[in-house]
Amino acid sequence: MSLKKSGYLNRIIDTKVEEYLQLFGAILIEGPKWCGKTWTSLSHANSVTYIMDPAGDYSNRTLAGINPSLLLPGETPRVIDEWQEVPGIWDAVRFNIDQSPGYGKFILTGSVLPPHDSYRHSGTGRIATLQMRPMTLFESTDSSGAISLGAVFKHESFEPFIANMDLHALIDLTVRGGWPETLNLPLEKAGIVATEYINAIIKNELFRDDQSKRDQLKMRKLMRSLARNNATMASLNTLSMDTDGVNRHEQGEEEVYISRDSVANYLKNLRETFIIEEIPPWDPGIRSRTVLRQACKRIFSDPSLAIASLGITRERLIEDLRTFGFMFENLCLRDLAVYAGFYGGNLFHYRDNSELEVDAIIEMPGGEWGAFEIKLGEAQVDKAADELLRIKKKMISAGVRAPACLAVITGGGLARIRDDGVYVIPINAMRH
């Protein structure tokens, strides 16, 4: 008996869920709250238990705390929603699979990473993890999907076409974000949802142990700083200084200043609740004098959260296209990570000491790689293509295999393959 909800929009991760249910005793789908993990899990399941069901004064959570195995019986695949609320469930699932081997028995969902010492066993070989993100433009039906990432890696050709998307519409989609429950809301109201999402996360998730109000203030300041430095490699020192600001002494040094160590701890909290994501640097194994920059590039799991953290409106973004450019890059990196994940690929960025920088590198399981520059407007395409051709030349001269593809992702307009072989792909024409 399928538990698939009426109105469910298929997600790219669905294919991986089906595949992994044939390979592992259990799978864990983790990602930010409200990105659709539960509905996706239910579409593959025959029974479910909700750890945070308030019925009976949260009796499910109480029972799981006493004996996690009490919640495991049921028709498989069985969803255990928000398992991290009682971390002992992990070991109970792993033990169940050991005692009664089989595939596709459990689907766990989680929106917070519990401490590693809260469960005893890694689950290696029994439990596989899939990361879920908010919806891509293709999943929300805002991209035609005319150009496939897989086809680009195979360097397949297509006839040029126009992918219409005016700036106002693109800004609206970025402010709205990829949250399934916002798809039917008026676009002018969607930004309110992201703001309240952040409020709820800070109050109810990041500081569950009821730390001081001052800590919540510091977290909000840090999130504003991260939004100002969105899609960059801002250091801990930079973030600390940015949150210090000119108002440090207006409320007292103790109240406003955020130390480097505190920044590191707060970033850990934001990663563990899937609010931010770190894109690692790509290391192509160059044996030369080139020095690679090893810092991660930070983005929000959804660009709507960055915009809400800054407290800016769609009208303000229209007036400040430089800021919107970083939010647009966040949107594109979110989508590229999902599209690459469909093929088992990983997303990286590249920067070296010659100031050669590429917004995104996708590396596939077989070692094929592609380089992607993200530019909002058509006027920036030529310069972006030059950078892509530069990294291609540099990698080949260093003995690295040639890229499978080079592409400039834009905010709309003419989709084409240039004479130099560089793809120009509007984000609203892309899919996995």
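This one's a predicted model, so the numbers in the text were calculated from it and none came from an experiment. (Residues numbered from 1 in each chain as written. Predicted model: local features only at pLDDT ≥ 70, side-chain atom pairs only at ≥ 80, totals over all residues. Heavy atoms only, no water.)

Draft legend 1. Seen up close, the overall build of the protein chain. A count of helices and strands for the protein chain gives 15 helices and 16 strands. Relative to the 2.2 N^0.38 estimate, which gives 22 Å for 432 residues, the radius of gyration of the protein chain is 22 Å and therefore close to what a compact globule would have. Buried positions account for 53% of the 432 residues belonging to the protein chain. Look at the contacts in the protein chain between residues 6 or more apart in sequence, and 73% of them connect residues 24 or more apart. Working note: accessible area of the protein chain is about 19300 Å², and carbon and sulfur atoms make up 49% of it. Of the side-chain charges in the protein chain, 49 are positive and 56 negative, and the distance between the mean point of each set is 3 Å. (Helix = DSSP H or I, 4+ residues; strand = E, 2+ residues; numbered from the N terminus. Rg over C-alpha atoms; globule rule 2.2 N^0.38 Å. Buried < 20%, exposed > 50% of the residue type's maximum accessible area, 1.4 Å probe, protein only. Contact = heavy atoms within 4.5 Å. Areas by Shrake-Rupley, 256 points an atom, 1.4 Å probe, with all protein chains shown as cover. Lys, Arg positive; Asp, Glu negative; His and termini not counted. Charge placed at Lys NZ, Arg CZ, Asp CG, Glu CD.)

Draft legend 2. Summary view of the sheet that holds strand β13 (residues 405-410). Pairing is mixed across the open sheet formed by seven strands, whose spatial order is β7-β14-β15-β13-β12-β11-β10. Edge positions in the open sheet fall to β7 (161-163) and β10 (346-351), since each of these has one partner strand only. The mean angle between the axes of side-by-side strands here comes to 35 degrees, regardless of whether they run parallel or antiparallel. As paired elements, β10 and strand β11 (residues 357-363) share five bridges and run antiparallel to each other. Looking at β11, one finds that Arg-351 is bridged to Glu-357. Of the strands in this sheet, β10, β11, β12 (369-374) and β13 touch helix α14 (residues 321-342), which is tilted by about 15 degrees from β11. (Pairing = 2+ DSSP bridges. Axes fitted to C-alpha atoms, helices over the stretch in contact; angles between N-to-C directions.)

Draft legend 3. Here's a closer look at the pattern of salt bridges. Going through the model one piece at a time under the given rule, you end up with 25 salt bridges. In this structure, Asp-172 and Arg-314 form a salt bridge, with 2.5 Å as the shortest nitrogen-oxygen distance. Residue Asp-172 is found in helix α6 (residues 167-176), and its partner Arg-314 is found in helix α13 (residues 314-319); the two are separated by 142 residues along the sequence. Looking at Arg-314, the relative accessible area reads 24%, which means it is partly exposed. Note that Arg-334 is salt-bridged to Asp-302, the shortest N-O span being 2.8 Å. Placement of Arg-334 in helix α14 and of Asp-302 in the loop between β9 (297-300) and α12 (303-310) is noted, with a sequence separation of 32 residues between them. Looking at Arg-334, the relative accessible area reads 2%, which means it is buried. (Salt bridge = Lys/Arg side-chain N within 4 Å of Asp/Glu carboxyl O.)

Draft legend 4. Quick look at the packing of aromatic side chains. Scanning all chains against the criterion turns up eleven aromatic pairs. Plain terms: the ring middles of Phe-158 and Tyr-423 are 6.0 Å apart, the flat faces sit at 35 degrees to each other, and that makes the pair tilted. Taken together, the residues span a long stretch of sequence, with Phe-158 in the loop between α5 (149-153) and β7 and Tyr-423 in strand β15 (residues 423-426) at a distance of 265 residues. Here Phe-158 falls in the partly exposed class, since its relative accessible area comes to 23%. (Phe/Tyr/Trp six-rings, centres within 6.5 Å; stacked < 30°, edge-to-face > 60°.)

Draft legend 5. Here's a closer look at the sheet that holds strand β5 (residues 127-131). Here five strands make up an open sheet; going across it, the order is β2-β3-β4-β1-β5 and the pairing parallel. Taken across any chain shown, the strands that pair with only one partner, and hence form the sheet edges, are β2 (47-50) and β5. Pairs of neighbouring strands in the sheet enclose a mean axial angle of 20 degrees, with direction left out of account. Of the pairings in the sheet, the one linking strand β1 (residues 26-30) to strand β4 (residues 106-110) comprises five bridges and is parallel in character. Each bridged residue has a counterpart across the sheet, and for Leu-28 the counterpart in β4 is Leu-108. In the packing of helix α4 (residues 88-99) onto the sheet, the strands contacted are β1, β3 (78-81), β4 and β5, and the crossing angle to β4 comes to about 165 degrees.

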